[in-house]
Amino acid sequence: MDNKEIARLFSEIAELMEIKGENAFKIRAYQKAVRTIESFTEPLQSLHAEGKLESIEGIGKGLAGKIAEALEKGSVQQHQELLKSLPEGLLDLLDVPGMGPKKVKLVYDELNITSIDELKRAAEAGALQSLPGMGKKSEEKILKGIEHRQQTSSRFLIGVAAPIAQEILDRIRQVKGVKQAQIAGSLRRGKETAGDVDILVAAKAGKPIMEEFLATPAVRDVLAKGDAKSSLVLNNGLQVDLRIVPEASFGAALQYFTGAKEHNVKLRARAVKQKLKVNEYGVFKVDGDDPIAGSTEEDVYASLGLVWIPPELREGLDEIELAEKDQLPALVERQDIRSALHNHTTASDGLMRLDELAAEAKRRGYEYIAVTDHSGGLGVAGGLNADRLKKQMDEIHGFNEKKGGVPVLTGSEVDIRVDGRLDFPDDLLAQLDVVIAAVHGSLDQPREKITKRICDALENPYVDILSHPSGRLIGRRPPMDVDWEALFAKAAETGVVLEINAHYMRLDLKDQHIREAMKYGALFSIDTDTHAAADFDNLDYGVRTARRGRLAAKDVINCLPMKDFMRWKKKHRRQGRVNEKTR
DNA sequence: GCCGTTTTCGGCCCGACTGTTTTCAGTCG
């Protein structure tokens, strides 16, 4: 078992214990271990070999023993016993918004509900509102949550699918005879979720490649195996398809299997007008059998009179028309990103100290960063009150004087309270280099109220960035019911930057909203909202979402060198104060 | 289950909000 699998196992143990109502602190110990293991870069296997598991913070005798058990036997007895003692569907119920461990136990004890389907039926029949502590509103919330979940749950989050796909791709590329190999499909387009993984290989002989593919670890099922195409289902339910094509067709096949379908339909229609036809083998004259293009995507697009279109744009909107006129936007790239402006430390709910965060950021090539711990309004995150924030600012100034590290800006992720006021007074916010405002509670206020709440916060001249503007968690929690037009107009008017939160469960703003906000002239930041070192890995998902939103580097403030960023901020805040006076 | 210590047992984050209550339990972050 690798670190991820062990983290998952412990997480499941914690959830099962929660339903059973076991000691809350014991459960917390497991949850803490999950976070630690998830962000741990070294394999637990090697620590285990050295007998050093207990040196990890939060891992004592008990958990070290369970990790060892998992590594050696591939399972943990306590976990098996917990599973046996409860019906297996109960864990799914925890994913429904409004359902916590107590409610799960309640519906199980009283109504014998053990699956989401049964829960849905009970809610529809009005059987939930008769339970103690539940009423009509709880029932409605649960029903809404289930419906939202069912619309999205058959797809995999990019942050789950992409690393798996990359791992398989890396292995395939090692096989002798592989000329080229690429991930296609919605993963290549950087979509927030993927239905399956498509891998495309250019090679002559298929057999050794297929053998390597079929030897992928953690396979649950082999759906098909042939010389040109095989399909697997992994233990987590993710389907992976591998296709092998001749080198001369690789570009055409890559284009074809990257999609989106709507994009390909438009492309083929365009080809027909030019007396050409496009398929996965190449571009052909209608009356000919010899391909005029096919080995590279560039050739395929060029043969149709188009510049190459970045995969993130291939959604069947107006990208083909833009490509024809060579007017595609120059999309932001990962290398353009100079700063990480949204990060947490151990002062609130982060896992790294200030110096550790700065070192990690430097290692990853950032030119400067900001520390933006939570404000006091957010109890759980150990948010900072004004005094602690001031102390942290001193600490940061001291750190910067030492030189050698990456420069650190002071900041805060200040909570937007229910009434739109911020957690800190203006005179304190004015002293910070970066002020990020965010909604964390009461996400289901009615549209008018929540829109006003956020817009009021944007009018504060010291707010620089609005974090995770919709509050959604993909497949788990619907977005806030915001009047987006009003919000985007307000962001443009006040100059407050809209965050593209790069965490793969958020990707918030999402691509479509980015395109809309850009029409209003809004600016954006791409940030990982880093709590642990591994969170920086999410940057790629944020960049790709920004690219799908058609952003160029000039639209993204993280692309500014530090001096220019500070200049921008000054100007933005001055403008904010002018707006305030004239209002 | 972990941790630290006044070293072997007691503390471990907790406040806001909601919906259900009529004084609070459960969920969320």
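Residues numbered from 1 in each chain as written. Chains lettered and ligands numbered in written order. Predicted model: local features only at pLDDT ≥ 70, side-chain atom pairs only at ≥ 80, totals over all residues. Heavy atoms only, no water.

Engineer: Could you clarify how one ought to interpret the sheet that holds strand 8 (residues 276-279) in this entry?
Structural biologist: Hydrogen bonds along the backbone pair up the strands of a sheet, which may run parallel or antiparallel. In spatial order, the strands read 8-9-10; together these 3 strands make up an open sheet with antiparallel pairing. The open sheet is flanked by strand 8 and strand 10 (291-293), the only strands paired with a single partner. Averaged over all adjacent pairs, the angle separating strand axes in this sheet is 40 degrees, with direction ignored. As judged from the 2 bridges shared by strand 9 (residues 282-285) and strand 10, these two strands associate in the antiparallel manner. Bridge pairing in strand 10 links Val283 to Ala293. (Pairing = 2+ DSSP bridges. Helix = DSSP H or I, 4+ residues; strand = E, 2+ residues; numbered from the N terminus. Axes fitted to C-alpha atoms, helices over the stretch in contact; angles between N-to-C directions.)

Engineer: How should helix 13 (residues 250-258) be read in this particular structure?
Structural biologist: Side chains three or four residues apart in an α-helix point the same way, a direct result of the helix having 3.6 residues per turn. Where burial is concerned, most of helix 13 is hidden: 8 out of the 9 residues are buried. Regarding helix 13, the residues found buried are Phe250, Gly251, Ala252, Ala253, Leu254, Gln255, Phe257 and Thr258. Immediately downstream of helix 13, the backbone of Gly259 shows phi near 70 degrees, a positive value. (Buried < 20%, exposed > 50% of the residue type's maximum accessible area, 1.4 Å probe, protein only.)

Engineer: Explanation requested: the side chain of Gln255 in the structure shown.
Structural biologist: Relative to the elements of secondary structure, Gln255 occurs in helix 13. Judged by relative accessible area, which is 2%, Gln255 ranks as buried. A distance of 3.1 Å separates a polar atom in the side chain of Gln255 from a polar atom in the side chain of Tyr301. When sequence neighbours within four positions are dropped, the list of residues in contact with Gln255 reads His263, Asn264, Leu267, Glu297, Val300, Tyr301 and Arg314. (Polar contact = N/O pair within 3.5 Å; in protein donor to acceptor, adjacent residues only side chain to side chain. Contact = heavy atoms within 4.5 Å.)

Engineer: Any chance you could explain the packing of aromatic side chains here in plain terms?
Structural biologist: The way to describe two aromatic rings as a pair is by their centre distance and the angle between their planes. Throughout the structure, instances matching the rule amount to 8 aromatic pairs. With centroids separated by 5.4 Å and ring planes inclined at 45 degrees, the aromatic side chains of Tyr366 and Phe536 adopt a geometry described as tilted. With Tyr366 in the loop between helix 17 (354-363) and strand 12 (368-370) and Phe536 in the loop between strand 18 (524-527) and helix 23 (539-548), this residue pair connects regions lying 170 residues apart in the sequence. In terms of burial, Tyr366 and Phe536 fall into one category: buried. Aromatic pair Tyr504 and Tyr541: ring centres 6.2 Å apart, planes at 85 degrees, arrangement edge-to-face. (Phe/Tyr/Trp six-rings, centres within 6.5 Å; stacked < 30°, edge-to-face > 60°.)

Engineer: Help me understand the protein's contact with DNA strand B in this model?
Structural biologist: Near DNA strand B there are 33 residues, and of these Arg28, Gly60, Lys103, Gly135 and Arg477 occur at the shortest range. Sugar plus phosphate, as a fraction of atoms of DNA strand B within 4 Å of the protein: 69%. Residue Gly60 places a main-chain N or O atom 2.6 Å away from a phosphate oxygen belonging to DNA strand B. Ser442 places a polar side-chain atom, nitrogen or oxygen, 3.2 Å from a sugar or linking oxygen of DNA strand B. Of all elements in the fold, only helix 2 (24-38), helix 4 (61-73), helix 7 (101-111) and helix 9 (136-152) reach the threshold of two or more residues within the surface near DNA strand B. At 5 residues, the largest contribution of residues to the surface near DNA strand B is made by helix 2. (Near = heavy atom within 4 Å.)

Engineer: Would you explain the nonpolar core in this entry?
Structural biologist: Nonpolar side chains in soluble globular proteins generally cluster together in the buried interior. With 60 residues, the main nonpolar core has Ile369, Ile454, Leu498 and Phe524 as its most contacted residues. Excluding its chain neighbours within four sequence positions, the residues that come into contact with Ile369 are Ala340, Asn343, Leu357, Ala358, Ala361, Val406, Pro407, Val408 and Leu409. Core analysis: the next-biggest nonpolar cluster, separate from the first, contains 47 residues, Ile27, Ile59, Leu86 and Ile116 among them. (Core = buried A, V, L, I, M, F, W, Y, C linked by side-chain atoms within 4.5 Å.)

Engineer: Teacher, can you tell me more about the environment of Leu53 here?
Structural biologist: Structurally, Leu53 is set in the loop between helix 3 (44-50) and helix 4. Judged by its relative accessible area of 6%, Leu53 is buried. For the pair Leu53 and Gly65, spaced 12 residues apart in sequence, the C-alpha to C-alpha distance is 8.8 Å. With near-sequence residues (within four places) excluded, Leu53 lies in contact with Leu44, Leu47, His48, Ile59, Ala64, Ile67 and Ala68.

Engineer: Is there a simple way to explain the pattern of salt bridges in this structure?
Structural biologist: Pairs can form between side chains of opposite charge once their charged atoms are near each other. Following the criterion strictly, the structure yields 31 salt bridges and no others. The closest approach of N and O atoms between Asp355 and Arg353, which form a salt bridge, is 3.1 Å. For Arg353, a relative accessible area of 42% translates into the label partly exposed. (Salt bridge = Lys/Arg side-chain N within 4 Å of Asp/Glu carboxyl O.)

Engineer: I keep staring at the packing of helix 1 (residues 3-20) against helix 4 and nothing clicks. Help me out?
Structural biologist: Each pair of packed helices can be described by the angle between their axes along with the distance between the axes. It is the contact of helix 1 with helix 4, at a shortest axis distance of 11 Å, that shows an interaxial angle of 125 degrees. Relative to helix 4, helix 1 is oriented oblique. Crossing of helix 1 over helix 4 shows right-handed handedness. Between helix 1 and helix 4, the contacting residues are Ile6, Leu9 and Phe10 on the first element and Leu63, Lys66, Ile67, Ala70 and Leu71 on the second. (Parallel < 35°, antiparallel > 145°, perpendicular 65-115°, else oblique. Left-handed = near helix turned anticlockwise from the far one by under 90°.)

Engineer: Is there a simple way to explain unusual backbone geometry in this structure?
Structural biologist: Negative phi characterises most residues that are not glycine, and trans characterises most peptide bonds. The amide bond that connects Gly259 to the next residue, Ala260, takes the cis arrangement and shows omega of -5 degrees. Note on placement: Ala260 falls in the loop between helix 13 and helix 14 (261-273). A cis amide bond, omega 10 degrees, links Asp508 with the succeeding residue Leu509. Inspection of the secondary structure puts Leu509 in the loop between strand 17 (497-501) and helix 22 (511-519).

Engineer: Just to check I follow, could you spell out the sheet that holds strand 13 (residues 408-409) for this structure?
Structural biologist: What the 3 strands build is an open sheet, ordered 11-12-13; its pairing is parallel. Where the open sheet ends on each side, the last strands, each with one partner, are strand 11 (339-340) and strand 13. Two strands pair when backbone bridges link them, and strand 11 and strand 12 are joined in this way by 2 bridges, in the parallel orientation. Directly across from Ala340, in strand 12, lies its bridge partner Ile369.

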